[in-house]
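Working through the structure, step by step
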Amino acid sequence: MTWAEMQPLLLTATRETLSMVGTATLVALLAGLPAGVLLVLTDRGGLLQNRPVNRVLGAVVNVGRSLPFIVLMLALTQFTKWVVGTSLGWQAASVPLAVGAVPFFARLVETAVREVDGGLVEAVQAMGGSTWTAVRKVLVPEALPSLVAGLTTTVIAVVGYSAMAGAVGGGGLGNLAYTYGYMRFETDFMTVIVVELVLLVALVQALGDLAARALAHRGRGSGPVRLLRRRPAAVRTARAPHAVRTAPRGGTPDPGPAGPSEDGGAVPEPAASH
Amino acid sequence: MITTADLRKTYRVRGRDVTALDGVDLHVQEGEVYGVVGTSGAGKSTLVRCVNMLERPTSGTVTVDGLELTALAGRGPRAGRGLRAARRSIGMVFQHFNLLSSRTVRDNVELPLEIMGLDRTERRRRAGDLLDLVGLADKAGAYPAQLSGGQKQRVGIARALAGDPKVLLSDEATSALDPETTRSILELLRDLNRRLGLTVLLITHEMDVITSVCDSAALMRGGRITESGRLADLLATPGSELARAVLPLGDLPAGRPDATVLDITFPGETAARPFVSQLARTHHVDLSILGAAVETVGGRQIGRMRIELPGRHDENAVPIGYLREQGLLVDVVTDRTEDAA
Ligand SMILES: Nc1ncnc2c1ncn2[C@@H]1O[C@H](COP(=O)(O)OP(=O)(O)OP(=O)(O)O)[C@@H](O)[C@H]1O
Ligand SMILES: [Mg+2]
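Summarised in this report is the structure supplied together with it. From a predicted model like this one, the values you see are computed outputs, not experimental measurements.

Attention shifts here to the overall build of chain B. Helix and strand content of chain B: 13 helices and 14 strands. With the C-alpha coordinates aligned to their principal axes, the bounding extent of chain B is approximately 75 × 50 × 35 Å. The buried share of chain B, reckoned over its 341 residues, is 51%. At a minimum sequence separation of 6, the contacts of chain B that also span at least 24 residues come to 69%. Of the roughly 15,300 Å² of accessible surface on chain B, 47% is carried by carbon and sulfur atoms. Taken as two groups, the 43 positive and 44 negative side-chain charges of chain B have centres that lie 9 Å from each other.

Shown next, in the form of structure tokens:
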């Protein structure tokens, strides 16, 4: 295949991949953020301590995270048809991607929010703030750098899942790799697709790190961050933060485009970090 | 200003009850600095946390500025609207400052004002005033991580004062600071207390904090207040543990038999008088000095001295009488011959 032949195919496939990743990420953000916060709030000693809610929510998240994506996708076929009216194309792939991304992100949110110092919540309570105030003014803003890192991890995982979805009729780059690269032995095309996926993931990671860095105000968690290791730590300007935390622990794990392990083994486990 | 009546708090830890407060009656007058000391685990933190209901007491009442907070219950751990409103007039400073790292100093001070629903310009103005008050106007744009411990605590104090509270609670606010910084923070608290008429309830484990800023003090032990009152009165109370802690004379030495040991407390005016040499001269007593301590409490000097007189208690009635005539507080610590009997 010539580059001229590949180009339009790549363009369409990229647009499809970005569409399904975007949709799934948006849903993950809208549903996973509240779910993750709620997991912390309803836990023992939480502001809204509630055993049953915590148990049920935790179970749902665990099931969602432990199902292999391919199984989730097949199991949701009817649901997908019901939501978007088809079981093919990027729109159809978006549904299981979103369903898979929500619990994935929710756990990362939970970990991030749990790391916020309980003393800060107490301070807000002492000022006469409500639970909602504590969430809005303390939990989310203080966890923001970690939340951004979690979102980065989620997007990268979704890119990986989307390739898998593509292989079974979901469109996008995965579909392209399957139909051309695998079925028709177009090795060059396959190489191009792989390179594009790698670049896409690297770009997401770089943007995520950048955003997390911009958000983490100085001094907070001087954990090891690859990007920043070589910077002199003594620079003290009013606006430029130099110490960042990209993930709850260490750098952001990078599941890569080949699809992450189904239970998100690359992701830091919550709670174990005290 | 702050009154607790028969305050009890029991925690349930793995099926066992832990009593943190065991009937505490606290009376803090308006405009005073009240210190609570006690060993670790005595229940001091639990007590302050009960005052603004961060911790809900198991029984008993808490009244702050005439409002009974224990009556303003919320459901479970959650605070109802009334309690949240009441908390806005009770400031609190924390040992570990509890500043939001994602906000600048100014924005940290503005947080309680946001909760109170003030508009932006008003918040800016108030925050500016408060930072002036604690001497940090030039740090408004800095982030907490760029401040020293003392500066962080000043921000904590400014934030606590944002709601114009009548009462300030402080749980070990200086425990994470070095002695120098501790002094400056205590001076700030004292100053705010005088200038704003602020009532301060502070928890500490350092006697120095009590002597340098407190008008009144309480000693806690095992969930109870074992001694309390105005500091000057406590120091003049024979056998007071707080007095002993403020003016330590050490353990009683295993002395000779046939000797009487006296602890003499002398208030400011008498500190300068040579009563020891007078006693020796006029009564021909060969006394030995076992220990002495002098402290400045509330701007006045007060001291204690432990002396030993030869002879049993009844043989020393005259010298003891003489000392008491001088306006000194005399506490006969041992009368060894009687002890032996
Ligand atoms: N949340 C809690 N759950 C269970 N037990 C608690 C809790 N908080 C305090 N306690 C117990 O209550 C008692 C009093 O604790 P508190 O923190 O009030 O002591 P403290 O006088 O402030 O001690 P320190 O000087 O070490 O701060 C202790 O025995 C402690 O173990
Ligand atoms: Mg304590």
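Here we come to the sheet that holds strand β1 (residues 2-13) of chain B. Residues and elements named next belong to chain B. The strand order across the open sheet formed by four strands is β2-β1-β4-β5, and the pairing between neighbours is antiparallel. Of all strands in the sheet, those bounded by a partner on one side alone are β2 (16-28) and β5 (67-68). One ladder, built from five bridges, connects β1 with strand β4 (residues 59-64); its direction is antiparallel. Counted as the bridge partner of Ile2 is Val64 from β4.

With that settled, consider the site of ligand 1. Residue and element names in this part refer to chain B. The local shell around ligand 1 holds 13 residues, among which Ser40, Gly41, Lys44, Ser45 and Thr46 are the closest. In this structure, an oxygen atom belonging to ligand 1 sits 2.5 Å away from a side-chain N or O atom of Ser40. A distance of 2.7 Å separates an oxygen atom of ligand 1 from a polar side-chain atom of Lys44. At three residues, the largest contribution of residues to the shell around ligand 1 is made by helix α1 (residues 44-51).

Residue and element names in this part refer to chain B. By secondary structure assignment, the location of Ala142 is in the loop between α4 (120-133) and α5 (149-160). Owing to a relative accessible area of 13%, Ala142 belongs among the buried residues under this scheme. Distance from Ala142 to Val105, taken between C-alpha atoms, is 5.8 Å for residues 37 residues apart in sequence. Not counting residues up to four positions away in its chain, the partners in contact with Ala142 are Thr104, Val105 and Leu147.

Our next topic: the packing of helix α1 (residues 3-41) of chain A against helix α2 (residues 51-66) of chain A. All names here are of chain A. For the pair α1 and α2, interaxial distance at closest approach is 9 Å and the crossing angle is 135°. Taken together, the axis directions place α1 and α2 in an arrangement best described as oblique. Considering how the two elements wind past one another, α1 and α2 form a crossing that is left-handed. Residues Ala35, Leu38 and Leu39 of α1 form the contact with α2, whose participating residues are Asn54, Leu57, Gly58 and Val61. The class makeup of the residues in the contact of α1 with α2 is five nonpolar, two polar and no charged.

With that out of the way, let us pick up empty space enclosed by the protein. The probe, sized like a water molecule, is rolled over the atoms to show the empty space still left. All chains considered together, the criterion is met by five cavities of 30 Å³ or more. A volume near 120 Å³ is recorded for the largest cavity. Sorting the residues of the lining of the largest cavity by element identifies α6 (118-126) of chain A together with β6 (90-93), α3 (105-116) and α5 of chain B as the ones contributing at least two each.

Contacts between the two partners involve 25 residues from chain B, matched on the other side by 28 residues from chain A. For the pair chain B and chain A, the two sides together bury roughly 2,300 Å², of which 58% comes from carbon and sulfur. Seen at the junction of chain B and chain A, the total is two salt bridges. For Lys137(A), the salt bridge is made with Glu114(B), and the minimal N-O distance between the two is 2.5 Å. Here chain B is connected to chain A by seven residue pairs in polar contact (both at pLDDT 80 or more).

Residues and elements named next belong to chain B. Here 10 bridges tie β1 to β2, and the two strands are oriented antiparallel to one another. Residue pairing across strands places Leu7 opposite Val24, the latter belonging to β2. Remark: two residues form the turn of the hairpin made by β1 and β2, two consecutive strands paired antiparallel; Arg14 in that turn has positive phi of roughly 45°.

A few words now on helix α11 (residues 275-283) of chain B. All names here are of chain B. Those residues of α11 not exposed but buried are Phe275, Val276 and Leu279. Taken end-on, α11 shows its buried residues confined to a sector of 110°, consistent with a single buried face. Residues Arg281 and Thr282 are exposed on α11 and point more than 90 degrees away from its buried face. His284 lies just past α11 and shows a positive phi near 50°.

With that out of the way, let us pick up the packing of α5(B) against helix α6 (residues 179-196) of chain B. Residue and element names in this part refer to chain B. Relative orientation of the contacting elements α5 and α6 amounts to 20°, with a least axis distance of 10 Å. Classified by the angle between their axes, α5 and α6 sit roughly parallel to one another. In the crossing of α5 with α6, the sense of the turn from one axis to the other is right-handed. For the pair formed by α5 and α6, the contact residues are Gly150, Gln153, Arg154 and Ile157 on the first element and Thr181, Ser184, Ile185, Leu188, Leu189 and Leu192 on the second.

With that out of the way, let us pick up the packing of aromatic side chains. Residue and element names in this part refer to chain A. Across all of its chains, the model carries five aromatic pairs over all chains by this definition. Pairing Phe69 with Tyr161 gives two aromatic rings, centres 4.8 Å apart and planes at 15°, and the pair type is stacked. Placement of Phe69 in helix α3 (residues 69-75) and of Tyr161 in helix α7 (residues 131-170) is noted, with a sequence separation of 92 residues between them. Since its relative accessible area comes to 3%, Phe69 is described here as buried.

What you tend to see is this: most non-glycine residues have negative phi, and most peptide bonds are trans. All names here are of chain B. Positive phi outside glycine occurs at Phe97, with the angle close to 65°. Mapped onto the secondary structure, Phe97 falls in the loop between β6 and α3. With phi around 50°, His284 is a residue other than glycine that occupies positive phi space. Relative to the helices and strands, His284 resides in the loop between α11 and β12 (288-297).

Now for the sheet that holds strand β10 (residues 224-230) of chain B. All names here are of chain B. Judged by pairing direction, the sheet is mixed, and its six strands sit side by side in the order β6-β7-β8-β3-β9-β10 without closing on themselves. Of all strands in the sheet, those bounded by a partner on one side alone are β6 and β10. This sheet shows a mean twist of 15° between the axes of neighbouring strands, independent of strand direction. Sheet topology places strand β7 (residues 167-171) next to strand β8 (residues 199-203); five bridges connect them, and they run parallel. Of the residues in β8, the one forming a bridge with Leu169 is Leu201. Sheet contacts for α5: β6 and β7; angle to β6, the most-contacted strand, approximately 170°.

Rules and cut-offs
- Per chain, residue numbering runs from 1 following the sequence as it is written.
- Both sets of labels track the order of writing: A upward for chains, 1 upward for ligands.
- Local features in this predicted model are restricted to residues whose pLDDT is 70 or higher, and side-chain atom pairs enter the listing and the counts only when it is 80 or higher, whereas totals over whole chains, interfaces and linings include all residues.
- In computing side-chain values, all of the structure's heavy atoms are included and hydrogens and water are not.
- What counts as a helix is a DSSP run of H or I of at least four residues, what counts as a strand is a run of E of at least two, and both are numbered from the N terminus.
- Exposed residues in this analysis have more than 50% of their type's maximum accessible area, buried residues have under 20%, and partly exposed residues fall in between, with area computed by a 1.4 Å probe over protein chains only.
- Contacts: residue pairs with any heavy atoms within 4.5 Å of one another.
- Surface accessibility follows the Shrake-Rupley procedure with a 1.4 Å probe radius. Residue values consider only the protein chains on display as shielding.
- Charged-residue counts in this description rest on Lys and Arg as positive and Asp and Glu as negative, His and the chain ends being excluded.
- Positions of charges follow a simple convention, taking NZ of Lys, CZ of Arg, CG of Asp or CD of Glu.
- Any two strands between which DSSP finds at least two bridges are classified as paired.
- What makes a residue near a molecule or strand is one non-hydrogen atom of that residue sitting within 4 Å of it.
- Two N or O atoms count as a polar contact when they lie within 3.5 Å, although within protein this holds only if one can serve as hydrogen donor and the other as acceptor, and sequence-adjacent residues are included solely when both atoms are side-chain atoms.
- Lines fitted to the C-alpha atoms define the axes, with helices restricted to the stretch that makes contact. Angles between their N-to-C directions range from 0 to 180 degrees.
- Angle categories are assigned with fixed cut-offs, so that under 35 degrees is roughly parallel, over 145 is roughly antiparallel, 65 to 115 is roughly perpendicular, and the rest are oblique.
- What makes a crossing left-handed is the near helix being turned counterclockwise from the far one by less than a right angle; a clockwise turn instead makes it right-handed.
- Think of it as three bins: nonpolar holds Ala, Val, Leu, Ile, Met, Phe, Trp, Tyr, Cys and Pro, charged holds Asp, Glu, Lys and Arg, and polar takes everything else, Gly as well.
- Space inside and on the surface of the protein is sampled on a 1 Å grid over the protein atoms alone, with a cavity defined as a set of points where a 1.4 Å probe fits but cannot get out and a pocket as an open set with protein on both sides within 12 Å along at least 5 of 7 lines; lining residues have an atom within 4 Å of a point.
- Grid points are joined across faces, edges and corners, and a volume is the space filled by probe spheres set on the points.
- What counts as buried area is the accessible surface, traced by a 1.4 Å probe, that two parts surrender upon association, with contributions from both included.
- Throughout this description, the term salt bridge denotes a Lys or Arg side-chain nitrogen within 4 Å of a carboxyl oxygen of Asp or Glu.
- This arc is built from the directions going out from the helix axis to the C-beta atoms.
- What counts as a ring pair is set by centres within 6.5 Å for rings of Phe, Tyr and Trp (its six-membered ring), and what kind of pair is set by the plane angle: stacked under 30 degrees, edge-to-face over 60, tilted for all other angles.

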